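Secondary and tertiary structure notes
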Amino acid sequence: MIPEIPRRHFLGASAAAAFSGFLSENVFAQEESPRSDRSSSSQTRCVFGPRRLFPDLKITFSQTGNNVRFFIPGLRVPSKILHLSDTHIFLDDERGKPFERFSARMAAAYHRPTHCRTGKTTNPMAAFEESLDFAKREKVDAVTLTGDILSFPSEAGVDWLLEKLKTLDEAGIPWFFISGNHDWHYEGWPGTDEEKRAEWAPKRLGKLYPENANFLNYSAVVKGIRHLFVDDSIYEILPEQLRFLKAELAHGEPTVLWMHIPPYAPGRNVGFGCGHPEWGKDTDKNWQIERREPWRAGGHTDVTFEFYETLLKAPNLMGTFCGHVHVNALDIVNGKPFTTTEANAAAGWRVVEFLPQETYRRPAGPSPISFLP
Ligand SMILES: [Fe+2]
Ligand SMILES: [Fe+2]
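First, a word on scope: everything that follows refers to the structure included in this document. Just so you know, these numbers come straight off a predicted model, no measurement behind them. (Residues numbered from 1 in each chain as written. Chains lettered and ligands numbered in written order. Predicted model: local features only at pLDDT ≥ 70, side-chain atom pairs only at ≥ 80, totals over all residues.)

What follows concerns the overall build of the protein. Helix and strand content of the protein: 8 helices and 14 strands. Taken across its 373 residues, the protein has 42% of its residues classed as buried. Put simply, 75% of the contacts in the protein that link residues at least 6 apart link residues at least 24 apart. (Helix = DSSP H or I, 4+ residues; strand = E, 2+ residues; numbered from the N terminus. Buried ≥ 20, exposed ≤ 12 C-beta atoms within 10 Å, placed from the backbone. Contact = placed C-beta atoms within 7 Å.)

A word on the environment of Lys 246. Residue placement: Lys 246 occurs in helix α7 (residues 239-249). The class of Lys 246 is partly exposed, set by 13 C-beta atoms lying within 10 Å. Sequence separation between Lys 246 and Phe 307 is 61 residues, and the spatial gap between their C-alpha atoms is 8.6 Å.

This part covers helix α6 (residues 193-205). The end-to-end C-alpha distance of α6 is 16 Å, clearly below the 18 Å that 13 residues give at a rise of 1.5 Å each. Looking only at α6, the buried set comprises Asp 193, Lys 196, Arg 197, Ala 201, Pro 202, Arg 204 and Leu 205. (Expected span 1.5 Å × (residues − 1).)

Moving on: the nonpolar core. By size, the foremost hydrophobic cluster in this structure holds 77 residues, and its most contacted members are Leu 245, Leu 257, Trp 258 and Met 259. Here Met 259 is in contact with Thr 146, Ile 178, Val 230, Asp 232, Cys 274, Thr 320 and Cys 322, once residues within four sequence places are set aside. (Core = buried A, V, L, I, M, F, W, Y, C linked by C-beta atoms within 7 Å.)

Below, the discussion takes up unusual backbone geometry. At His 88, a residue that is not glycine, the phi angle is positive and equals roughly 60°. Take His 88: it is sitting in the loop between β5 (79-84) and α3 (100-107). For His 88, a count of 28 C-beta atoms within 10 Å corresponds to the buried category. We note that Ala 347 has phi near 70°; this positive angle belongs to a residue other than glycine. With respect to the element layout, Ala 347 can be found in the loop between β13 (336-340) and β14 (350-357). Assessed through the 26 C-beta atoms surrounding it within 10 Å, Ala 347 is described here as buried.

Okay, the packing of α7 against helix α8 (residues 302-313) next. Relative to each other, α7 and α8 sit at 15°, their axes nearing to 9 Å. Between α7 and α8, the interaxial angle falls into the category roughly parallel. For the crossing formed where α7 meets α8, the hand is left-handed. For the pair formed by α7 and α8, the contact residues are Pro 239, Gln 241, Leu 242, Leu 245 and Lys 246 on the first element and Val 303, Glu 306, Phe 307, Thr 310 and Leu 311 on the second. For the contact of α7 with α8, a count of residues per class yields 6 nonpolar, 2 polar and 2 charged. (Axes fitted to C-alpha atoms, helices over the stretch in contact; angles between N-to-C directions. Parallel < 35°, antiparallel > 145°, perpendicular 65-115°, else oblique. Left-handed = near helix turned anticlockwise from the far one by under 90°. Nonpolar A, V, L, I, M, F, W, Y, C, P; charged D, E, K, R; others polar.)

Set out below in structure tokens:
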């Protein structure tokens, strides 16, 4: 049995746990590597801002099925990430008995999903194991888990996940978890979603986060790409998360954002709920089924909208990767790809590759366009 992790264990840590161990010195052709000076204070001072490092980041984006690729000028070292979301593990044992009246509905869900590639019946545990086998076979550089990996905060479920994820550790593949709206949710438990997340994420999910990471947000640099993990599983963004986003973007590297709930895209329903202008109490259809308080009357806070607008405008934010809606979808918003990945309960996944982009050269004569700044 894995002991419960007291909240202070990682809440006291830095909001931005950067895994600079993955940052290669020579991943970019530019002489000026992104770096920061943390020696003089706890504040991160940006040495090279995004406009200096990448004055005009002209990436190419492509999608084939559930594989997406970013071609990045100046990048020297490629990297490949496997994105998993919405496995909805429902395992439980005697430790969950006192909570059964809060877990019963979700404990009965997703038992026999249809495998998205074979069309045969599968189950979340088999789908997850298949995904990890794929990650090891493909020798990916990291696996990202963007929430609803559990259907409720089951200790047995977390133990099972840790046992399986240990095989990634043994293979030298780092993995990064951020929670979804089900990972911490006991239906009918009193309190607001923010309060319930603050209670159950540390208590039950603590071992799923990297050591010293803040469960609300943390970052990892993998082969020159900055990966931001932000918990928007209550649909709203907290002021400290907005500050985190701005500080992280100021580092200047090409950056991507991993969250559970996808950001708003025109034409999408309120499931694409982070920054959705119609999100709010009037459009919340599931609060009674999920036995939680309805969404905020009057819609999102200004902080949530500012977070959304900040990521839209950031020159070095290349795209977002989310789950929650259980479909493989792509929206290009303001020139940025916003993707959602099919539920991993049905063995869905997405491969995300970051690749060097060659300079475009015509065989003869000057080129009418240039991919390089
Ligand atoms: Fe889900
Ligand atoms: Fe969800």
